[in-house]
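Structural characterization, general
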Amino acid sequence: MRLGDLTISQSPNLPIPMKQTTTSLHLTSPLGWLTLALAAQIGWGAYPVLLRYLQTVSGLPGLSLLAVGNLVVLLIVVAIILPRIDRRIFRLRIVWLFGLLVVLRGITNLLATRYTLAVYAQIIYLMTPFIVALLSRAVLKEQIPRHTFKALTIALVGALFIVSGDWGATAVSTHRHDLLGIIFAILSSISLAFYMIVTRRSAHVHASGATASGESLLLVHLISLFTFSLLASLLVGESWAQWRDLTPLDWLVFAALSLGVLLGANLGQIRSIQQLGAPVVSSMMAIRLVSALLFAGLLLGERLTSVWQLIGAGIIIVTITWYLRQT
């Protein structure tokens, strides 16, 4: 199954009781897993905001940011899951195709948040389920889910309401090149859609008895992005001197990105999908826009300034939630 920026194969689709016998929060209860899933979605909603802040306000070179952020998570993940990984999965060609798509997704995401508003990027990322549906039809000959075109049209109207409004001055207004950033965001969503399709197919590919599990794909994800971004940073001659000049707030934002999102939101999403099923977790995906708006307002000064923009945000949230519940 797939969801957001991390995918997991063969996730169980467990039922959720309609009534709770206790109001206490435990991760052994549906309420606990729902809370974890919601926290993961909030983290992914903040992801483009944190990337934009660290590149534009903190002034960190983008490739070095990807390299260090993924290295922090990679060291932790290797220590935890490497002993359980079947090394034969590295013989699977589809695993390395997955790694290539991870790199494309990571670089285009980085450039999108470098050049346009984090909220704009998040809106485009929320259109990924529609792109997945269309590409699945074109590549895998699968039937397009009901209401896809209707929901896509309504969501695009909501997006038009948001982008047509005036955002006023932001913390990094001089770094805006919206057309370029939106193009990269669209390319990033297309990369993510292929990423999801390839991951789903990888669950059915075997090599000498090895199958690509969610944990192994997470490891390939981190290795691919860290290796590419480090080598590319060194090749283009990025200056890493800015890392020495970071303020405590900059380091706090970096910790939120690496430990909070790349590690915490990833693992939280995996575990909640395993317990609740992908349809339940994916139905919360629209909360990412709310999260992006809150964090963008706090860190970047990117705030909705008109009633029409608020209406547009509401349209997108309701439409995406309704569509994902239907599919």
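Residues numbered from 1 in each chain as written. Predicted model: local features only at pLDDT ≥ 70, side-chain atom pairs only at ≥ 80, totals over all residues. Heavy atoms only, no water.

Across its full length, the protein chain holds 12 helices and 4 strands. Here the protein chain holds 327 residues, and 52% of them are scored as buried. Partitioning the contacts of the protein chain with sequence separation of at least 6, the portion at a separation of at least 24 is 87%. Counting every atom, the protein chain has about 14,700 Å² of accessible surface; 68% of that belongs to carbon and sulfur. (Helix = DSSP H or I, 4+ residues; strand = E, 2+ residues; numbered from the N terminus. Buried < 20%, exposed > 50% of the residue type's maximum accessible area, 1.4 Å probe, protein only. Contact = heavy atoms within 4.5 Å. Areas by Shrake-Rupley, 256 points an atom, 1.4 Å probe, with all protein chains shown as cover.)

Now for the layout of surface pockets. Reported here for the second largest pocket is a volume of approximately 300 Å³. Considering the residues around the second largest pocket, the lining is formed by 15 residues, among which Ile123, Ile124, Met127, Leu156 and Ala159 are closest to the centre. Secondary structure elements with two or more residues in the lining of the second largest pocket: helix 4 (118-125), helix 5 (128-140), helix 6 (148-163) and helix 7 (178-202). At 5 residues, the largest contribution of residues to the lining of the second largest pocket is made by helix 6. (1 Å grid on protein atoms, 1.4 Å probe; cavity = no way out; pocket = protein on both sides within 12 Å on 5 of 7 lines; lining within 4 Å. Points joined across faces, edges and corners; volume = space filled by probe spheres on them.)

In this section: the environment of Asn70. With respect to the secondary-structure elements, Asn70 resides in helix 2 (residues 62-81). A C-alpha to C-alpha distance of 7.4 Å links Asn70 and Leu262, two positions 192 residues apart in sequence. Excluding residues within four positions of it along the chain, Asn70 makes contact with Leu222, Leu225, Phe226 and Leu262. At 2.8 Å, the side chain of Asn70 forms a polar contact with the backbone oxygen of Leu66. (Polar contact = N/O pair within 3.5 Å; in protein donor to acceptor, adjacent residues only side chain to side chain.)

Time to look at the packing of aromatic side chains. Per the stated rule, a full pass over the model turns up 8 aromatic pairs. Ring geometry for Phe98 against Tyr195: centres 4.9 Å apart, planes inclined by 35 degrees, an arrangement best described as tilted. Residue Phe98 is found in helix 3 (residues 93-115), and its partner Tyr195 is found in helix 7; the two are separated by 97 residues along the sequence. Owing to a relative accessible area of 1%, Tyr195 belongs among the buried residues under this scheme. (Phe/Tyr/Trp six-rings, centres within 6.5 Å; stacked < 30°, edge-to-face > 60°.)

Take a nonpolar patch on the surface next. A contiguous nonpolar surface patch, about 590 Å² in accessible area, is contributed by Val139, Leu179, Ile183, Ile186, Leu187, Ile190 and Phe194. No other element matches the 6 residues that helix 7 contributes to the nonpolar patch. (Patch = residues over 30% accessible without salt bridge, like charges linked within 9 Å, V, L, I, M, F, W, Y side chains within 5 Å. Salt bridge = Lys/Arg side-chain N within 4 Å of Asp/Glu carboxyl O.)

Moving on to the side chain of Glu302. Summarising the element assignment, Glu302 is placed in the loop between helix 11 (287-299) and helix 12 (307-326). When neighbours within four sequence positions are excluded, Glu302 is seen to be in contact with Arg52, Leu117, Ala118, Val119, Trp167, Thr170, Leu293, Ala296 and Gly297.

Another point: the pattern of salt bridges. Pairing between side chains of opposite charge can happen when the charged atoms of each approach one another. What the rule picks out here adds up to 1 salt bridge. Arg52 is the salt-bridge partner of Glu302, the closest N and O atoms lying 3.2 Å from each other. Within this pair, whereas Glu302 is found in the loop between helix 11 and helix 12, its partner Arg52 is found in helix 1 (residues 30-57), the two being separated by 250 residues in sequence. In this pair, the class of Glu302 matches that of Arg52, namely buried.

With 84 residues, the main nonpolar core has Leu54, Leu65, Val77, Ile123, Phe130, Leu289 and Ile316 as its most contacted residues. Among the elements that make up this core, the one with the highest residue count is helix 2 (9 residues). Residues in contact with Leu289, not counting those within four places in the same chain, are Val119, Gln122, Ile123, Leu126, Ala313, Ile316 and Ile317. Core analysis: the next-biggest nonpolar cluster, separate from the first, contains 7 residues, Ile273, Leu276, Val281 and Met284 among them. (Core = buried A, V, L, I, M, F, W, Y, C linked by side-chain atoms within 4.5 Å.)

With respect to the helices and strands, the residue Gln309 is situated in helix 12. Overall, Gln309 belongs to the buried group, its relative accessible area being 0%. Ignoring sequence-local partners within four residues, the contact set of Gln309 consists of Phe161, Ile162, Gly165, Asp166, Trp167 and Leu304.

With that settled, the discussion passes to the confidence of the model for the protein chain. Confidence in the prediction of the protein chain, expressed as mean pLDDT, is 83, and 84% of residues score 70 or more. The low-confidence segment residues 1-25 (pLDDT under 50) makes 76 contacts with residues lying over four places distant or belonging to another chain. (pLDDT = per-residue confidence, 0-100.)

Let us now look at the packing of helix 5 against helix 6. At their nearest, the axes of helix 5 and helix 6 sit 10 Å apart, and the two run at 145 degrees to each other. Considering only the axes of helix 5 and helix 6, their crossing is left-handed. Within the contact between the two elements, helix 5 uses Phe130, Ala133 and Leu134 and helix 6 uses Thr148, Phe149, Ala151, Leu152 and Ala155. A breakdown of the residues in the contact of helix 5 with helix 6 according to their chemical character gives 7 nonpolar, 1 polar and no charged. (Axes fitted to C-alpha atoms, helices over the stretch in contact; angles between N-to-C directions. Left-handed = near helix turned anticlockwise from the far one by under 90°. Nonpolar A, V, L, I, M, F, W, Y, C, P; charged D, E, K, R; others polar.)

We now examine the environment of Glu302. The exposure class of Glu302 is buried, given its relative accessible area of 0%. As a C-alpha pair, Glu302 and Ala292 span 10 residues in sequence and 9.5 Å in three-dimensional space.

Okay, unusual backbone geometry next. Despite not being glycine, His147 shows a phi value in the positive range, around 70 degrees. If you trace the backbone, His147 turns up in the loop between helix 5 and helix 6. Assessed through its relative accessible area of 23%, His147 is described here as partly exposed.

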